Amino acid sequence: PPPVRVGLSDILLHVECPYQFGLRRIAGVQPAVGDELGFGEGLHELIQRRLESDSPWTSDDRRRHVEKYVNLPYMSENGEAAARSAIEDRLEVLERLGVFDLAVESEVDVEVVLDSGIVHGVVDGIQREDDETVLVRDWKSNIHDELVPRYERQMQFYVYALRKQGKRVRKADIVDVGASVRNHKLVVRDIDISDRNINRLVTTVERSLRNIGEGKFHPNPGPATCAACDMYRLCGKRWKQ
């Protein structure tokens, strides 16, 4: 049989709860969506475009890009206008903080071949430092506490993938855009990228790849796991106090 090839976001779902992965990726059950759908994706898209731009954006530039690239299909007209304005404000604050002035390679594809399959993903940004090392950075519109373990695994795997390519990764962090705007300073969460933690993650990912190949999607209910699951309300295996 061909090797299992899975996106990083999907394999991390299986790491948290194989049953959730089975519902979403095997059975095709989709979670409910809120009217804010598209906000985070639109902000992320514009951050990447600004990083790739050769010059700062004016207010008109930001407004034009927001109108073109932000899609908010479930919002009311007033809600959409407020959300677009909020995205413009976030971009303006990040501009003032100087985060777009750094040497950053954005949207970097990575793929890792492991014993049990292949994992692929896209790194938000790789910032090159003066000493030839790199900082791996991700952007979140807001950091939710229940999702932090998933964020950490995501970044640790990116570090592993980039080191396999020969890059000297010095640090990894996640920018909390919402908190940065509120505090008018860059708010980041540093990620533990010690060899011990990264090796433990790779072993866990290997096990998940093997179980996906064997069709094993057992539930893993618990307070932390279920708090981060979009399938909680419809899952018959969910954690119950």
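Shown above is the structure to which this text applies.
Predicted model, so just to flag it, every value in this text is computed and none were measured.

## Section: the state of the cysteines
Line of reasoning, step 1. Taken as a whole and judged by the stated rule, the model has zero disulfides.
Line of reasoning, step 2. For Cys226, which is in no disulfide, the shortest distance to another cysteine sulfur is to Cys229 and amounts to 6.5 Å.
Line of reasoning, step 3. Taking the relative accessible area as the measure of exposure, Cys226 reaches 11% and is therefore buried.
Line of reasoning, step 4. Among the cysteines around Cys235, which has no disulfide bond, Cys229 carries the closest sulfur, lying 6.3 Å off.
Line of reasoning, step 5. Among the residues examined, Cys235 registers a relative accessible area of 11% and is labelled buried.

## Thoughts on empty space enclosed by the protein
Line of reasoning, step 1. Inspection of every chain in the model, using the stated rule, returns two cavities of 30 Å³ or more.
Line of reasoning, step 2. A volume near 100 Å³ is recorded for the largest cavity.
Line of reasoning, step 3. Lining of the largest cavity is provided by 15 residues; of these, Cys17, Tyr19, Cys226, Cys229 and Cys235 occupy positions nearest its centre.
Line of reasoning, step 4. Taken together, the elements giving at least two residues each to the lining of the largest cavity come down to α2 (18–26) and α9 (223–227).
Line of reasoning, step 5. The element that contributes the greatest number of residues to the lining of the largest cavity is α2, accounting for three residues.
Line of reasoning, step 6. By residue class, the composition of the lining of the largest cavity is ten nonpolar, three polar and two charged.
Line of reasoning, step 7. Quantified by volume, the second largest cavity comes out at close to 60 Å³.
Line of reasoning, step 8. If you go around the second largest cavity, the residues you meet are Val99, Leu102, Val104, Gly125, Ile126, Gln127, Arg137 and Trp139.
Line of reasoning, step 9. The greatest single-element share of the lining of the second largest cavity, amounting to three residues, is contributed by strand β3 (residues 117–128).
Line of reasoning, step 10. The residue inventory of the lining of the second largest cavity, partitioned by class, reads five nonpolar, two polar and one charged.

## A look at the packing of helix α3 (residues 39–51) against helix α5 (residues 77–96)
Line of reasoning, step 1. Viewed as axis vectors pointing N to C, α3 and α5 meet at an angle of 35 degrees, and their least axial separation amounts to 11 Å. As for how α3 packs across α5, the hand of that crossing is right-handed. Facing α3, whose interface residues are Phe39, Leu43, Leu46, Ile47 and Arg50, α5 presents Ala83, Ala86, Ile87, Arg90, Leu91, Leu94 and Glu95.
Line of reasoning, step 2. Tallied by class, the residues present in the contact of α3 with α5 amount to nine nonpolar, no polar and three charged.

## Some points on the nonpolar core
Line of reasoning, step 1. By size, the foremost hydrophobic cluster in this structure holds 38 residues, and its most contacted members are Ile11, Leu114, Val119, Val136, Phe157, Val205 and Leu209.
Line of reasoning, step 2. For this core, the leading source of residues is helix α6 (residues 148–164), giving nine residues.
Line of reasoning, step 3. Not counting residues up to four positions away in its chain, the partners in contact with Phe157 are Leu8, Val112, Leu114, Val119, Leu201 and Val205.
Line of reasoning, step 4. Of all hydrophobic cores here, the second largest spans 23 residues; its members include Leu43, Ile47, Leu51 and Leu94.

## Notes on the pairing of strand β5 (residues 169–176)
Line of reasoning, step 1. Of all eight residues in β5, six are buried; the element is thus mostly enclosed.
Line of reasoning, step 2. Bridge count between strand β4 (residues 134–140) and β5: seven bridges; the pairing is parallel. Of the residues in β5, the one forming a bridge with Arg137 is Asp173.
Line of reasoning, step 3. Once the chain exits β4 it traverses α6 before rejoining the sheet at β5, and the crossover so formed is right-handed.
Line of reasoning, step 4. Direction of pairing for β5 relative to strand β6 (residues 188–190): antiparallel, over a ladder of three bridges. From the neighbouring strand, Val175 faces β6, where its bridge partner is Val188.

## Considering the layout of surface pockets
Line of reasoning, step 1. By volume, the largest pocket is sized at about 1700 Å³.
Line of reasoning, step 2. Lining the largest pocket are 42 residues, with Gly40, Glu41, Lys140, Leu147 and Tyr151 positioned closest to its centre.
Line of reasoning, step 3. If one sorts the elements of the lining of the largest pocket by residue count, α3 sits on top with seven residues.
Line of reasoning, step 4. Considered as a void within the structure, the second largest pocket measures approximately 170 Å³ in volume.
Line of reasoning, step 5. Contributing to the lining of the second largest pocket are Pro149, Glu152, Arg153, Gln156, Asp192, Asn197, Arg200, Leu201 and Thr204.
Line of reasoning, step 6. Counting only elements with at least two residues in the lining of the second largest pocket, the list comes to α6 and α8 (195–213).
Line of reasoning, step 7. Here the lining of the second largest pocket is built from residues that sort into two nonpolar, three polar and four charged.

## Some words on the environment of Ala227
Line of reasoning, step 1. Relative to the helices and strands, Ala227 resides in helix α9.
Line of reasoning, step 2. Residue class for Ala227 comes out partly exposed when judged on its relative accessible area of 47%.
Line of reasoning, step 3. Measuring from C-alpha to C-alpha, the distance between Ala227 and Asp145 comes to 9.7 Å, with 82 residues separating the pair along the chain.

Procedures and definitions
- Residues numbered from 1 in each chain as written.
- Predicted model: local features only at pLDDT ≥ 70, side-chain atom pairs only at ≥ 80, totals over all residues.
- Heavy atoms only, no water.
- Disulfide = S-S within 2.5 Å.
- Buried < 20%, exposed > 50% of the residue type's maximum accessible area, 1.4 Å probe, protein only.
- 1 Å grid on protein atoms, 1.4 Å probe; cavity = no way out; pocket = protein on both sides within 12 Å on 5 of 7 lines; lining within 4 Å.
- Points joined across faces, edges and corners; volume = space filled by probe spheres on them.
- Helix = DSSP H or I, 4+ residues; strand = E, 2+ residues; numbered from the N terminus.
- Nonpolar A, V, L, I, M, F, W, Y, C, P; charged D, E, K, R; others polar.
- Axes fitted to C-alpha atoms, helices over the stretch in contact; angles between N-to-C directions.
- Left-handed = near helix turned anticlockwise from the far one by under 90°.
- Contact = heavy atoms within 4.5 Å.
- Core = buried A, V, L, I, M, F, W, Y, C linked by side-chain atoms within 4.5 Å.
- Pairing = 2+ DSSP bridges.
- Right-handed = clockwise from strand over helix to strand, strands pointing away.

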